[in-house]
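Listed below are the residues making up each chain.
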Amino acid sequence: MINLKGGVGKSTISALLARHGYSNRSLDVLAIDIDPQANLSQGLMHRGYAAFLSQQRPSIVEVFNGYLPPSSSSAVPTPLSAATQFEVIGSNGSRSLELIPSRFDFSDNLLGAVRPDPRSLARFLSANYHHKDLIIIDCAPTESVLTTAAYHASSNVLVPVKPEFFATIGFPLLQQSLSNFRNQNRGHNISVAGVVINNAFYHGGNDGGPEKARAMDEIRTESAKNGWPIYQRQMLHSRGYPKMMRGDNSYPGNAELFSRFANEFFSSVGL
């Protein structure tokens, strides 16, 4: 889940797709937060996020470092493994919705020290989470080694965009980023699954008015230039999304129509 422009709904859509895949399509799901802002982690964990921080439970920092640091239960560093317990958001028999959460010190911990290995995330997932039906990685809106790490661990890219002024400002940057990765990793097949319109209302009107119409023309032009398909189903504006991120489906408003996009997305990636 990536767009090199902030505020387009990456974390919201990541959380909703993870919950929908687990609850509505009976998938075994892993969500990964590699954004130092940790919005996906806070959305899925809700009030439990504060306890996760205070108890210093394993996070994406430990995945990139490759070990668990000494703690009250172990006087020496211990290796990460399939037995390492990350956050379980929900479970049902043999399948679950799990989360590898982020921490606010993520970028300082890694990027301010020795440059992390961009293949460490892919190696960890291939060794321990190859059984998952769906893995969603929520990326930061800036290009970094963490972006490259997400590419190494992924086969599909989903690009959220809002139909507003400068809607496609991140598109050329993302296309160049993907091109550079493909050129340097010719054996790795990574595709843009599609662009999802995360709708909002502008200047009145039931469908956004003239501002949205202008932005949609720009989005269609830039997406066609890059060969990126646009999903037909849009995410309609709703104040119900934050509640649904937390697993609260009471009074969702237009957010209850999220399943229309979710079904189109899962079909497009063969799930």
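Thresholds applied
Residues numbered from 1 in each chain as written. Predicted model: local features only at pLDDT ≥ 70, side-chain atom pairs only at ≥ 80, totals over all residues. Heavy atoms only, no water. Helix = DSSP H or I, 4+ residues; strand = E, 2+ residues; numbered from the N terminus. Rg over C-alpha atoms; globule rule 2.2 N^0.38 Å. Buried < 20%, exposed > 50% of the residue type's maximum accessible area, 1.4 Å probe, protein only. Contact = heavy atoms within 4.5 Å. Areas by Shrake-Rupley, 256 points an atom, 1.4 Å probe, with all protein chains shown as cover. Lys, Arg positive; Asp, Glu negative; His and termini not counted. Charge placed at Lys NZ, Arg CZ, Asp CG, Glu CD. Pairing = 2+ DSSP bridges.

*Asks:* How should I be thinking about the overall build of the chain in this particular structure?
*Replies:* Tallying secondary structure elements over the chain gives eleven helices and eight strands in all. Against the 2.2 N^0.38 benchmark of 18 Å for 271 residues, the chain shows a C-alpha radius of gyration of 19 Å, consistent with a compact globule. In terms of principal-axis extent, the alpha carbons of the chain reach across some 60 × 45 × 30 Å. Here the chain holds 271 residues, and the buried ones make up 51% of them. At a minimum sequence separation of 6, the contacts of the chain that also span at least 24 residues come to 76%. Only carbon and sulfur atoms are counted for the fraction: they give 49% of the accessible area of the chain, which is about 12800 Å². Side-chain charges in the chain split into 24 positive and 21 negative, and the spacing between the mean points of these groups amounts to 3 Å.

*Asks:* Would you take a moment to explain the pairing of strand β1 (residues 29-33) for this structure?
*Replies:* The side chains of a regular strand alternate between the sheet's two faces. For β1, the buried fraction is high: five of the five residues fall into the buried class. Taking every second residue as pointing to the same face, both faces of β1 are buried, with Val29, Ala31 and Asp33 on one and Leu30 and Ile32 on the other. Across four bridges, β1 lies against strand β5 (residues 95-100) in parallel orientation. Bridging across to β5, Ile32 finds its partner in Ile100. Here β1 pairs with strand β6 (residues 134-138) via five bridges, running parallel. Opposite Ala31, over in β6, you have Ile136 as the bridge partner.

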